[in-house]
Amino acid sequence: AQRVTQPEKLLSVFKGAPVELKCNYSYSGSPELFWYVQYSRQRLQLLLRHISRESIKGFTADLNKGETSFHLKKPFAQEEDSAMYYCALRGGSEKLVFGKGTKLTVNP
Amino acid sequence: DAGITQSPRYKITETGRQVTLMCHQTWSHSYMFWYRQDLGHGLRLIYYSAAADITDKGEVSDGYVVSRSKTENFPLTLESATRSQTSVYFCASTQDARGGYTFGSGTRLTVV
């Protein structure tokens, strides 16, 4: 079974502080992991995928197969980072399985 | 990404009525998906389609019907709406089975 766990429903940090949004997955094969972001009342947008190994808007995420994690990190949070963040897993098919999401609030 | 559009943006319907949510994409992407977004549940897959005339159920397909007669359209029908189907519905598409999805703007459906 494929499962994505985002343990924090809500995360609140101050502007300039580091932020880490946790994502753990369950899948027996080689997964593809994604992070999507949804700003207030907007559509979901692809933020990162692990195979790209890129940094978008200052965010990075590293796939740790030993810990089955794909945590999203940013060293200095900005107010405009406030949004809903979803981790997603693709296993052996074209379907994405999403976590329940973490709402990030960056306070001034 | 105006290439995938959903209509209507907002819909209020009564229990027991049939309602259809539309999704249209202009890229001729092969794969299309319907998710519902609910607080505490995240996004859950309702139905997906790998090509025209090929559809398959997701994890929460009961009470929903889809069709894909044309590649660019993937309508979702609630046969007899229930209050539990009050949700935000997102359509998504991708050309590459291994690629990321592009999402529509969503339809906020309220069943009263």
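Just so we're clear, the structure is a prediction, and the values are computed from it rather than from any experiment.

Definitions and limits used
Residues numbered from 1 in each chain as written. Chains lettered and ligands numbered in written order. Predicted model: local features only at pLDDT ≥ 70, side-chain atom pairs only at ≥ 80, totals over all residues. Heavy atoms only, no water. Salt bridge = Lys/Arg side-chain N within 4 Å of Asp/Glu carboxyl O. Helix = DSSP H or I, 4+ residues; strand = E, 2+ residues; numbered from the N terminus. Buried < 20%, exposed > 50% of the residue type's maximum accessible area, 1.4 Å probe, protein only. Pairing = 2+ DSSP bridges. Contact = heavy atoms within 4.5 Å. Buried area = accessible area lost by both parts, 1.4 Å probe. Polar contact = N/O pair within 3.5 Å; in protein donor to acceptor, adjacent residues only side chain to side chain.

Engineer: Got a sec to walk through the pattern of salt bridges? Specific residues and values, please.
Structural biologist: All names here are of chain A. Counted under the stated rule, the structure contains seven salt bridges over all chains. The closest approach of N and O atoms between Glu 20 and Lys 73, which form a salt bridge, is 3.7 Å. Of this pair, Glu 20 sits in strand 3 (residues 19-21) while Lys 73 sits in strand 8 (residues 72-74), and the two are 53 residues apart along the sequence. Residue Glu 20 is classed as partly exposed on the basis of its relative accessible area of 29%.

Engineer: Which residues make up the sheet that holds strand 7 (residues 60-61) of chain A, and what are the values?
Structural biologist: All names here are of chain A. Within the open sheet, the three strands sit side by side as 3-8-7. Their pairing is antiparallel. In this open sheet, the two strands that pair with only one neighbour each are strand 3 and strand 7. In this structure, strand 3 lies alongside strand 8, joined through three bridges in antiparallel fashion. In the sheet register, Val 19 faces strand 8, and the bridge partner there is Lys 74.

Engineer: Talk me through the interface of chain A and chain B; I want residue IDs and the actual numbers.
Structural biologist: Facing 21 residues of chain A, the contacting portion of chain B comprises 24 residues. For the chain A face of the interface with chain B, the top three residues by lost area are Arg 43, Glu 94 and Lys 95 of chain A, together amounting to 33%. The tally of links between chain A and chain B comes to eight residue pairs in polar contact (both at pLDDT 80 or more). Taken together, the elements giving at least two residues each to the side of chain A that touches chain B come down to strand 5 (32-38), strand 6 (45-49), strand 9 (83-90) and strand 10 (96-98) of chain A.

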